[in-house]
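Listed here are the chains, written in short residue letters.
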Amino acid sequence: MVEIGTVAGLSKMSIWLSGAFAVVSIGLLYLYIAMVDASGPQKVLWAAGLSIVVAFVFLISWTIARDVVRAKEREFKRV
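Residues numbered from 1 in each chain as written. Predicted model: local features only at pLDDT ≥ 70, side-chain atom pairs only at ≥ 80, totals over all residues. Heavy atoms only, no water.

Got a minute to help me understand the overall build of the protein in this structure?
The helix and strand inventory of the protein stands at 2 helices and 0 strands. Here the C-alpha atoms of the protein give a radius of gyration of 19 Å, more than 25% beyond the 12 Å that 2.2 N^0.38 yields for 79 residues. Of all 79 residues assigned to the protein, the portion counted as buried reaches 6%. By element, 74% of the accessible surface of the protein is carried by carbon and sulfur atoms, the whole surface being about 7000 Å². (Helix = DSSP H or I, 4+ residues; strand = E, 2+ residues; numbered from the N terminus. Rg over C-alpha atoms; globule rule 2.2 N^0.38 Å. Buried < 20%, exposed > 50% of the residue type's maximum accessible area, 1.4 Å probe, protein only. Areas by Shrake-Rupley, 256 points an atom, 1.4 Å probe, with all protein chains shown as cover.)

This is the structure we're talking about:
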């Protein structure tokens, strides 16, 4: 059997690594937008679109996490 501590540690590490890769990839996308041969307004439009997409992804992730926490709290109240 797998120990609970091992699973929790692996889960925590995967969350940190996915966050780090997300930050690096978004940074590289902004760097690409800055270096591409396009007009200034088009670069601003691309950066704004990327920022909106990232904001929606974080909003969806936060909503899912909040729902999970509420479900756990309801489960603890039942017991």
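There's more to say after this.
Whenever I open this one, a nonpolar patch on the surface confuses me. Can you help?
Side chains of Ile52, Phe56, Leu59, Ile60, Trp62, Ile64 and Val68 sit close together on the surface and give an oily, nonpolar patch of about 720 Å² of accessible area. Relative to the elements of secondary structure, valine 68 occurs in helix H2 (residues 40-78). (Patch = residues over 30% accessible without salt bridge, like charges linked within 9 Å, V, L, I, M, F, W, Y side chains within 5 Å. Salt bridge = Lys/Arg side-chain N within 4 Å of Asp/Glu carboxyl O.)

Would you mind going over H2 with me for this structure?
Each α-helix winds once per 3.6 residues, and so residues spaced three or four apart point in a common direction. Its 39 residues give H2 an end-to-end C-alpha distance of 57 Å, which sits within 8% of 57 Å, the value for a rise of 1.5 Å per residue. Burial in H2 covers these residues: Ala47, Leu50 and Val54. (Expected span 1.5 Å × (residues − 1).)

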